[in-house]
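Spelled out from the first residue to the last, the chains are:
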Amino acid sequence: MHEWALAEAIISSVSQIAEKEGLKEVREVKIKVGELQQVELDILEFALSELKMAKFKNAKFSIETVKAELLCRVCGQKWSFSRNKLDMETAEAIHFVPETVHAYIKCPRCGSPDFEILQGRGVWLESVKGVK
Amino acid sequence: MIDPRETIIGKRLEKVKSIIAVSGGKGGVGKSLVASTLALTLARKNFKVGLFDLDFTSPSTHLILGVKDAKPKEEKGIIPAEVYGLKYVSVVAYSKEKPLPLRGADISNALIELFAATIWGDLDFLIVDMPPGISDATLDLIRLIKGIKFLIVTTPSPLAFETVKKLLGLLAELKVPVLGVVENMKMRKSALVSRNVTCAGLPFLGDLPFDPKVEESLGNVDALLKTDFAKKLAAIVSKIPFNPNWLFS
């Protein structure tokens, strides 16, 4: 997902959580970003700061990158995703739709494209804290 | 841990008046052909139309339309490519001609990703070409896309229609609106589909002939729209008064 679209989704989600939890002000938002999606953190942070609503204008957004780990369903091999081995076009495809990784990456041991993304895919809100 | 993407999907589609999933129980009944031709027909009637190929593992609308390179642009999200008057998104723009083997959870993730990131803008119709059956993509669409309606494609074959009955049963259980059923590849008189659909209280929209010229027209939209298949589909479509605001409400 594009960083701006991603930031919009985060802001929308934080807003919903704040309303559901009855928070008058959001103070802290913890976000986890999977390495597979190759999100540009600078752009994401900038987009988040631009899109912040009044209710959480003073909130601190902390972003943690999670390493991408893949597990072959055929032979059980576990390995890490490496952006450096990809050409620009492939990296961009995986950036937009991380599942296209199954078109481009194979198990380094048996060559199967049937692997599981154990961690490091997508973006998650770990916690939203604030004042009621 | 909360996935924030689903919260933005409604906003992404707020300017789309009607979302129509072209679906069926089995592969090979002509869903992609009906979806593509329907989208082109509506676009030629000056409606603003999007076509979203949601059959990630076996996409084919790009072949029907003859799209060589329809890469979406990146501008605060995914901006669909413009092809033949349609806003168009297919995973092929990213997976190219490579096989894309996906399990159910991957299909859900890719679907959510694309719905969350794609900025369709103002549309009268978004036509969604569905994979066959009642698995992940169908369940996700029903769960995530408010106001979606289904257009069902079958062939005269009892085998195809038997699977359609299961799809229709699911949609009825979940109270998802069905615009109607189209019978494709009709070669001889048979009332199996029309009778069963009508008995189920659903609109039978009509039949489309088995037209060998369709194969010859693949990749050429002008030739496609001149086939008997496309003319008959246009006739079915033209029976419906076109005001997407209320027609599909």
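Right above here is the structure, for reference.
Remember, predicted model here, so these are calculated numbers, not experimental data.

Asks: Sorry if this is basic, but what is going on with the overall build of chain A here?
Replies: If you tally the helices and strands in chain A, you get four helices and six strands. Traced from its N-terminal end to its C-terminal end, chain A shows the element sequence α-β-α-β-β-β-α-α-β-β. Taken along the three principal axes of its C-alpha coordinates, chain A extends 55 × 25 × 15 Å. Relative to its full complement of 132 residues, chain A shows a buried share of 52%. Long-range pairs, those at least 24 residues apart, make up 79% of the contacts in chain A with a sequence separation of at least 6. In the form shown here, chain A has an accessible surface area of approximately 6,400 Å², with 47% of it arising from carbon and sulfur atoms. Of note, chain A has its 19 positive side-chain charges centred 7 Å away from the centre of its 20 negative side-chain charges.

Asks: I keep staring at the pattern of salt bridges and nothing clicks. Help me out?
Replies: Oppositely charged side chains may form a pair once their charged atoms are brought near each other. In this structure the tally under the stated criterion is 22 salt bridges over all chains. Among the salt bridges present, the one from lysine 67 of chain A reaches glutamate 35 of chain A, with a minimum N-O distance of 3.6 Å. Within this pair, whereas lysine 67 of chain A is found in the loop between β2 (60–66) and β3 (69–72), its partner glutamate 35 of chain A is found in the loop between β1 (25–34) and α2 (41–51), the two being separated by 32 residues in sequence. Between aspartate 114 of chain A and arginine 103 of chain B there is a salt bridge; the shortest N-O distance is 2.8 Å.

Asks: Looking at this structure, how should I read the environment of alanine 191 of chain B?
Replies: Summarising the element assignment, alanine 191 of chain B is placed in the loop between β9 (178–186) and α8 (192–199). Residue classification places alanine 191 of chain B among the partly exposed residues on the basis of a relative accessible area of 38%.

Asks: Just to check I follow, could you spell out the interface of chain B and chain A for this structure?
Replies: By a widespread convention, an interface's size corresponds to the accessible area lost as its parts come together. Every contact between the two is made by 31 residues of chain B and, on the other side, 34 residues of chain A. For the chain B and chain A pair, buried surface summed over both sides reaches about 3,000 Å², with 63% attributable to carbon and sulfur atoms. The largest contributions to the chain B side of the interface with chain A come from Met1, Tyr94 and Glu113 of chain B, which together make up 21% of the buried area. Counting every contact that joins chain B to chain A gives six salt bridges. A salt bridge links glutamate 8 of chain A to arginine 12 of chain B; the nearest nitrogen and oxygen atoms lie 3.3 Å apart. At the boundary of chain B and chain A, one finds 13 residue pairs in polar contact (both at pLDDT 80 or more). Counting only elements with at least two residues in the side of chain B that touches chain A, the list comes to α1 (9–12), α4 (92–95) and α5 (104–117) of chain B. Here the side of chain B that touches chain A gets seven residues from one element, more than from any other, and that element is α5 of chain B.

Asks: Would you mind showing me how to read the packing of α5 of chain B against helix α6 (residues 136–144) of chain B here?
Replies: Packed helix pairs are characterised by how far apart their axes lie and by the angle those axes make with each other. Residue and element names in this part refer to chain B. Where α5 meets α6, the closest approach of the two axes is 9 Å, and the angle between their N-to-C directions is 40°. Put simply, α5 runs oblique to α6. Crossing angle aside, the handedness with which α5 passes α6 is right-handed. Here Gly104, Ile107, Ser108, Leu111, Ile112 and Phe115 of α5 lie close against α6, whose contacting residues are Asp136, Ala137, Asp140, Leu141, Arg143 and Leu144.

Asks: Looking at this model, I keep getting lost on the sheet that holds β1 of chain A. Mind explaining?
Replies: Hydrogen bonds between backbone groups are what pair the strands of a sheet, and the pairing can be parallel or antiparallel. Residue and element names in this part refer to chain A. Overall, mixed pairing links the three strands, which are arranged β2-β1-β6 in an open sheet. With one partner strand each, in any of the chains shown, β2 and β6 (123–131) form the two edges of the open sheet. Between one strand and the next, the sheet's axes are offset by a mean angle of 15°, whatever the strand orientation. Across the sheet, helix α1 (residues 3–21) touches β1, β2 and β6, and the angle it forms with β6 is around 40°.

Asks: Before we go on, may I ask you to explain the sheet that holds strand β2 (residues 49–53) of chain B in this structure?
Replies: All names here are of chain B. As summarised here, the arrangement of the eight strands in space is β5-β6-β2-β7-β1-β8-β9-β10, forming an open sheet in which the pairing is mixed. Two strands in the sheet have a free side with no partner beyond their single neighbour: β5 (81–83) and β10 (204–209). Along the sheet, successive strands turn relative to each other by an average axial angle of 25°, direction set aside. Two strands pair when backbone bridges link them, and β5 and strand β6 (residues 86–90) are joined in this way by three bridges, in the antiparallel orientation. In the strand pairing of β6, glutamate 82 is matched with lysine 87.

Rules behind the numbers
Residues numbered from 1 in each chain as written. Chains lettered and ligands numbered in written order. Predicted model: local features only at pLDDT ≥ 70, side-chain atom pairs only at ≥ 80, totals over all residues. Heavy atoms only, no water. Helix = DSSP H or I, 4+ residues; strand = E, 2+ residues; numbered from the N terminus. Buried < 20%, exposed > 50% of the residue type's maximum accessible area, 1.4 Å probe, protein only. Contact = heavy atoms within 4.5 Å. Areas by Shrake-Rupley, 256 points an atom, 1.4 Å probe, with all protein chains shown as cover. Lys, Arg positive; Asp, Glu negative; His and termini not counted. Charge placed at Lys NZ, Arg CZ, Asp CG, Glu CD. Salt bridge = Lys/Arg side-chain N within 4 Å of Asp/Glu carboxyl O. Buried area = accessible area lost by both parts, 1.4 Å probe. Polar contact = N/O pair within 3.5 Å; in protein donor to acceptor, adjacent residues only side chain to side chain. Axes fitted to C-alpha atoms, helices over the stretch in contact; angles between N-to-C directions. Parallel < 35°, antiparallel > 145°, perpendicular 65-115°, else oblique. Left-handed = near helix turned anticlockwise from the far one by under 90°. Pairing = 2+ DSSP bridges.

Keep in mind these numbers describe shape, not what the thing actually does.
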